[in-house]
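Summary of structural features
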Amino acid sequence: MKRIAIPFVAAALALGANAQEFNGWGMRAALDVNLPGKWKTANGESIKMFDKGAGGSIGVVYNKPIAGDFYFEPGLALFYDTYSYSDLNIWSGDETVAIDPKVKKFGLRMPLNFGYRVYLPSGFNFAVYTGPELNLGVKGTIGIDKELAEEAEIPDDLYKYGYRRFDCAWKIGLGFPIGRWVVNIEGAFGLLDLHKNDIQFHENRLSLSLGYDF
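In terms of regular secondary structure, the chain is built from two helices and 13 strands. The buried share of the chain, reckoned over its 214 residues, is 43%. The contacts in the chain between residues at least 6 apart in sequence include a share of 65% that link residues at least 24 apart. Summing over all exposed atoms, the chain offers an accessible surface of approximately 11,700 Å²; the carbon and sulfur share of this is 62%.

Below you can see the structure in the form of structure tokens.
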């Protein structure tokens with residue numbers, strides 16, 4: 001992630017002084033680093049169940065100035081994100097087996113960002129933004145061998161295994177314009193419990209995106 005981010009940020013800092021005002025449609029493509037949180041039990045215990053994973057999204061945004069240098073930027077994107085279980089213990093035959101199946105999620109993402117453009121005396125400018133992000137899981141799977149899944153009675157459909165389809169995260173980010181291109185570095189922090197049972201669980205994410213404003 002650091003190797004990818006450094007050249008983008010360096011380019012943004014070097015060319016940001018030539019940025020143009022933007023008001024209208026744009027496209028965004030992002031690389032995600034998924035950071036699932038720990039399971040929290042009813043008695044307050046925290047259990048590490050997952051390892052981080054990768055993913056990405058592609059979509060459109062619409063930038064609307066509000067007042068002064070403030071703006072509102074809603075968007076809509078398709079996403080595909082993954083992460084893995086860490087030593088998931090299941091019963092197989094006469095023994096307990098530890099496996100690391102991958103969680104795969106595909107769905108729709110709707111960020112609703114409120115931002116502010118910062119103009120420095122040098123001519124360089126950047127944007128800071130924050131806001132809610134709505135997520136809807138269309139398809140989710142757990143990558144377990146079919147025979148093992150049937151033996152352990154674990155469905156491969158994530159949403160039949162106690163997960164909720166709908167999530168809401170809070171996003172914060174920095175945007176660096178380069179002409180009509182923009183590089184964004186952002187984090188999304190899950191607000192909703194994604195488990196339907198007594199265990200609480202949230203998903204978090206870091207993203208690096210490249211966009212073009214028409």
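There's plenty left to go through after this.
A word on the confidence of the model for the chain. On average, residues of the chain score 86 in pLDDT, and 81% of them reach the 70 mark or higher. Low pLDDT (under 50) marks residues 10–20, which in the prediction has 21 contacts with non-local residues, meaning those over four places away or in another chain.

Tracing the backbone through its elements, the reader meets Leu206 in strand β13 (residues 203–213). Judged by relative accessible area, which is 39%, Leu206 ranks as partly exposed. Sequence separation of Leu206 and Ile185 is 21 residues, and the distance between their C-alpha atoms is 7.8 Å.

Note that Asn135 resides in strand β10 (residues 125–142). On the basis of relative accessibility, which here comes to 8%, the residue Asn135 falls in the buried class. Within polar-contact distance, the side chain of Asn135 engages the side chain of Arg109 at 2.8 Å. Within the structure, the side chain of Asn135 is placed 3.3 Å from the side chain of Glu133, a separation counted as a polar contact.

The rules behind these values
Throughout, residues of each chain are indexed from 1 in the direction in which the sequence is written. Given that the model is predicted, a residue must reach a pLDDT of at least 70 before its local features are reported, and side-chain atom pairs must reach 80 or more before they are shown or counted; all residues, however, enter totals for whole chains, interfaces and linings. Excluding hydrogens and water, the side-chain values take into account all heavy atoms of the structure. Numbering of helices and strands runs from the N terminus, with a helix taken as a DSSP run of H or I at least four residues long and a strand as a DSSP run of E at least two residues long. For every residue, the accessible area obtained with a 1.4 Å probe (protein chains only) is divided by the maximum for its type, and the residue is called buried under 20%, exposed over 50%, and partly exposed between those limits. Contact between two residues is taken to exist if any of their heavy atoms lie within 4.5 Å; hydrogens are not considered. Under the convention used here, a 1.4 Å probe and the Shrake-Rupley method define accessible areas, while residue burial counts only the protein chains that appear. One confidence number per residue, pLDDT, is output by the predictor and ranges from 0 to 100. Polar contact is the term for a pair of N or O atoms within 3.5 Å; when the atoms are in protein, one must be able to donate a hydrogen and the other to accept it, and sequence-neighboring residues count only if both atoms are side-chain atoms.

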